[in-house]
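One-letter residues, chain by chain:
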Amino acid sequence: MAARQNGASVGALSRRTLLIAGGLWPAAAAARKQEKPSARPSQPSLSAARTIMAGAPLGVLLSNAPHGARLAIARPDEPADKAIVVIELTNVVPAVPTPGAIGTYELRLTAEKDGAPTVLLRQALATTEPSATLAAPERVGRGQGLPVRGIGPNGEQDRVMLVKPDAPADTDGPRFFPAENVEATLEAPDQPGVYELRYVMHAPLAEHRILARRQVRVE
């Protein structure tokens, strides 16, 4: 009699174990299905205007750029180790100097691999004819302040200068940089005569290119 009771108890326990296991199995299986695979590293992305005035800075929006990556502008048929412009990345919206010559180029995100640059992303870029405008009084007294306004590609090295009309394009003189402020006051020379106000573009492939001129008489 005791043996039959023990057998019944063991059987009940076995059935209860099976029922519990049977209830847990679907839940465990569902939990495994809900487990997400390990996340893959985010891929870099690049976005910028595809057309811009030659010599103007190009704003580029970047995300997930790898450490040590660079932005470059090159001709489309140039290899990864050749470029007209290369800059280090210091923020997620860098400004890249563009070539001062009209043409078709390629904006690239590059990174070092085995000691040589490799192109991670690329985007077509076309530059259009650069132009500039100047505004200033026609006459100014010797040594007096001349209010000037100059707008052009506004590249980082572009400058507005007051020089003699026959001076070479790379001549130095009173100047300001439109990239910092498009308006400034230049000090007129002490020597009276006819001078020339110039917007001088200084960009890759186009250094010291005069985009606009305006005559100013110093009295």
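Residues numbered from 1 in each chain as written. Predicted model: local features only at pLDDT ≥ 70, side-chain atom pairs only at ≥ 80, totals over all residues. Heavy atoms only, no water.

> What should I look at first to understand the overall build of the chain in this one?
Along the chain, the regular secondary structure elements total 1 helix and 16 strands. Sequence separation of 24 or more characterises 62% of the internal contacts of the chain that already satisfy a separation of 6 or more. Of the roughly 13,200 Å² that the chain leaves accessible, carbon and sulfur atoms contribute 52%. (Helix = DSSP H or I, 4+ residues; strand = E, 2+ residues; numbered from the N terminus. Contact = heavy atoms within 4.5 Å. Areas by Shrake-Rupley, 256 points an atom, 1.4 Å probe, with all protein chains shown as cover.)

> Sorry if this is basic, but what is going on with the side chain of glutamate 196 here?
Within the secondary structure layout, glutamate 196 lies in strand β15 (residues 193-203). A polar contact is formed between the side chain of glutamate 196 and the side chain of arginine 213, at a distance of 2.9 Å. (Polar contact = N/O pair within 3.5 Å; in protein donor to acceptor, adjacent residues only side chain to side chain.)

> Just checking my understanding: could you explain the pairing of strand β7 (residues 103-113) for this structure?
The side chains of a regular strand alternate, residue by residue, between the two faces of the sheet. Pairing geometry for strand β4 (residues 70-74) and β7, over 5 bridges, is antiparallel. Along β7, the bridge assignment pairs leucine 71 with leucine 109. The pairing of β7 with strand β8 (residues 116-128) spans 11 bridges and is antiparallel. Within β8, the residue paired with alanine 111 across the bridge is threonine 118. (Pairing = 2+ DSSP bridges.)

> Help me out: how do you make sense of a nonpolar patch on the surface in this one?
Taken together, the side chains of Leu61, Val92 and Val93 make up a nonpolar region of the molecular surface, amounting to roughly 280 Å² of accessible area. For valine 93, the location among the structural elements is in the loop between β5 (85-88) and β6 (95-97). (Patch = residues over 30% accessible without salt bridge, like charges linked within 9 Å, V, L, I, M, F, W, Y side chains within 5 Å. Salt bridge = Lys/Arg side-chain N within 4 Å of Asp/Glu carboxyl O.)

> Please explain the environment of proline 66 as it appears in this structure.
Considering the arrangement of structural elements, one finds proline 66 in the loop between β3 (57-63) and β4. Exposure remark for proline 66: the relative accessible area of 33% places this residue in the partly exposed category. Put simply, proline 66 and alanine 111 are 45 residues apart on the chain and 7.5 Å apart in space, counted from C-alpha to C-alpha. Residues contacting proline 66, with those up to four places away along its chain left out, are Pro44, Ala111 and Leu120. (Buried < 20%, exposed > 50% of the residue type's maximum accessible area, 1.4 Å probe, protein only.)

> Would you mind showing me how to read the sheet that holds strand β13 (residues 175-176) here?
Paired through backbone hydrogen bonds, the strands of a sheet run either parallel or antiparallel to each other. Spatially, the 5 strands line up as an open sheet ordered β10-β16-β15-β12-β13, and their pairing is mixed. The open sheet terminates on both sides in strands that have one partner only, identified here as β10 (139-140) and β13. Of the pairings in the sheet, the one linking strand β12 (residues 159-163) to β13 comprises 2 bridges and is antiparallel in character. Within β13, the position partnered with methionine 161 by the bridge is arginine 175.

> What exactly am I supposed to notice about the pattern of salt bridges here?
A pair can form between side chains of opposite charge whenever their charged atoms are brought close. Taken as a whole and assessed by the stated rule, the structure comprises 10 salt bridges. Residues glutamate 88 and arginine 70 are paired through a salt bridge, measuring 3.0 Å at the closest nitrogen-oxygen approach. Of the two residues, glutamate 88 sits in strand β5 while arginine 70 sits in strand β4, which places them 18 residues apart along the sequence. We classify glutamate 88 as partly exposed; its relative accessible area is 47%.

> Help me understand the packing of aromatic side chains, please; the structure alone is not making it clear to me.
Given two aromatic rings, their pairing is described by the distance between the two centres and the angle made by the two planes. Considering all chains together, one arrives at 0 aromatic pairs under this definition. Its guanidinium or amino end placed over the ring of tyrosine 195, lysine 164 lies 4.4 Å from that ring's centre, counting from NZ or CZ. (Phe/Tyr/Trp six-rings, centres within 6.5 Å; stacked < 30°, edge-to-face > 60°. Lys NZ or Arg CZ within 6 Å of the ring centre and 35° of its normal.)

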